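Here are the chains, one letter per residue:
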Amino acid sequence: MSRPARELNLDGLVGPTHSYGGLSPGNLASARSRSSVSSPREAALQGLAKMRLLADLGVAQAVLPPHPRPDVDALRRLGFAGTDARVLARAAREAPQLLVACSSASAMWAANAATVSPSADSADGRVHLTPANLASTLHRSLEATTTARLLRAIFPEGERFAHHPPLPAPLGDEGAANHLRLCAEHGGPGVQLFVSGRMVADAEDPRPGPRRFPARQTLEASAAVARLHRLAPAHVAFARQSPSAIDAGAFHNDVVAVGDRDLLLYHEAAFQDERAVLAELRGKLRRVAGCELVAVRIPAAELSLDDAVCSYLFNSQLVTLPSGERLIVAPAESEATPAAAAVLGRLASDPATPIDGVRVVDLRQSMRNGGGPACLRLRVVLTDEELAGVAPGVLLDASLHERLAAWVRRHYRDRLAPADLADPLLLEEGRRALDELTVLLGLGSVYDYQR
């Protein structure tokens, strides 16, 4: 049975230590930008402008706060003792890459925050949330505890929302960046596609894996999340990401595929066994949701895998507006890549594809670290009653956007060089900013240093 529901986009707010550390193997944009000067203020304002655009278009939009950084508690666990200032100075002198990792603002990419299953699919009729453990990299593995606390503050545990702890390592779980949901309408039943790049027990997997870059999402993690979310087999499909896509720099599946309701837009190299994946999705969607899959395949002859990765075309947001119009919200890099721009133009003009238009957004600060429009948001399908249970202070409208933009301008640095991460004033500035933000959003004391 279907109930009225809508998709809430929970966007990560870029943090005051936004910097280019080059910390993620396989993330080509991040590697190219390593050690260059960043602009946290510009990055946060660009992200807020995208949120405002979506809200103005009628898409439900909310804000996920950044994490406190540098993470001096993590540095202490790594053996650096003394005052905060001494910890930062010693880490900068003895292990600068650890300081860079513990200063990363990568929690901005909310697509990696968690995997979320709507109540229409779960056996107990609740929205289920599992924070990603992000075990494949040090800087991201530090995020899970704070992310879990923030999600519990925004979606209070109880009758509507069920929270699960992050999975144990080495079950690498990268969250919704390797997960998408297909359905006829948001409030009705759907099929959740979990995409992984490897198994923990690799010796038992006869299929070849990537050779250039590591696969991050494990099949065991995807299966565990499906069980925790109480999803029946009819609501679940598992796919293997193509090793060639990972080796080309598609470190998450959302760099080569994106979905919205019954529409799947994907590169021909997205899945290792494309025909089997599509056949399973088509069959399950017919049985579960009573609709036909609309699969839009972009061939390599039209858009090479390298161009797909550098343009982040598939990391666009596919959104359906209240009017029923379906838009692609694409990064400026897609427009600047000739082959990707041609694909976008064809999709928007071809009556055979259910896409009505393209909106281009400037996210250059985020994109230089390998994160486009879809990386910045976590999709949460909610009924009207569930939406009413969300912490109201995080829901974005014009007034909140203006207050957050003013907050960013007050607290964020315009330029941040790698050496600035050791500045104890940066830590103090960030904590003052987050103290004000948690009051502004009505979330209370959610950070360790506040408790």
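Treat the numbers as computed from the prediction; the structure is a model and nothing was measured.

Draft legend 1. Representation of the pattern of salt bridges. For the structure on display, the rule yields 31 salt bridges. Note that Glu-274 and Arg-297 form a salt bridge whose closest N and O atoms lie 2.6 Å from each other. Here Arg-297 lies in strand S11 (residues 294-298) and Glu-274 lies in helix H10 (residues 274-289), a separation of 23 residues in the sequence. Judged by relative accessible area, Glu-274 falls into the buried class, the value being 16%. Among the salt bridges present, the one from Glu-436 reaches Arg-410, with a minimum N-O distance of 2.2 Å. In this pair, Glu-436 sits in helix H17 (residues 424-440) while Arg-410 sits in helix H16 (residues 398-411), placing the two residues 26 residues apart along the sequence. Residue Arg-410 is classed as exposed on the basis of its relative accessible area of 51%.

Draft legend 2. Highlighting the sheet that holds strand S3 (residues 114-117). The mixed open sheet is built from 3 strands, whose spatial order is S3-S4-S5. Two strands lie at the open edges of the sheet, namely S3 and strand S5 (161-163), each paired on one side alone. Sheet twist, expressed as the mean angle between neighbouring strand axes with direction ignored, is 20 degrees. Note: strand S4 (residues 127-131) against S5, 3 bridges, orientation parallel. Bridge assignment links Leu-129 to a residue of S5, and that residue is His-163.

Draft legend 3. The sheet that holds strand S8 (residues 236-240), seen in detail. Strand order in the open sheet formed by 3 strands is S6-S7-S8, and the pairing between neighbours is mixed. Of all strands in the sheet, those with a lone pairing partner are strand S6 (179-183) and S8, marking the two edges. In this sheet, neighbouring strand axes are inclined to one another by 25 degrees on average, regardless of whether the strands run parallel or antiparallel. Each of strand S7 (190-196) and S8 is contacted by helix H8 (residues 219-228), which is oriented at about 155 degrees to S7, the strand it contacts most.

Draft legend 4. Main features of the packing of H16 against H17. Where H16 contacts H17, the axes come no closer than 10 Å and their chain directions differ by 170 degrees. Taken as axis vectors, H16 and H17 run roughly antiparallel relative to one another. Between H16, through Leu-400, Arg-403, Leu-404, Trp-407, Arg-410 and His-411, and H17, the contact on the second element is made entirely by Arg-432, Ala-433, Leu-434, Glu-436, Leu-437 and Leu-440. Class assignment for the residues of the contact of H16 with H17 results in 7 nonpolar, 1 polar and 4 charged.

About the cut-offs
- Residues numbered from 1 in each chain as written.
- Predicted model: local features only at pLDDT ≥ 70, side-chain atom pairs only at ≥ 80, totals over all residues.
- Heavy atoms only, no water.
- Salt bridge = Lys/Arg side-chain N within 4 Å of Asp/Glu carboxyl O.
- Helix = DSSP H or I, 4+ residues; strand = E, 2+ residues; numbered from the N terminus.
- Buried < 20%, exposed > 50% of the residue type's maximum accessible area, 1.4 Å probe, protein only.
- Pairing = 2+ DSSP bridges.
- Axes fitted to C-alpha atoms, helices over the stretch in contact; angles between N-to-C directions.
- Contact = heavy atoms within 4.5 Å.
- Parallel < 35°, antiparallel > 145°, perpendicular 65-115°, else oblique.
- Nonpolar A, V, L, I, M, F, W, Y, C, P; charged D, E, K, R; others polar.

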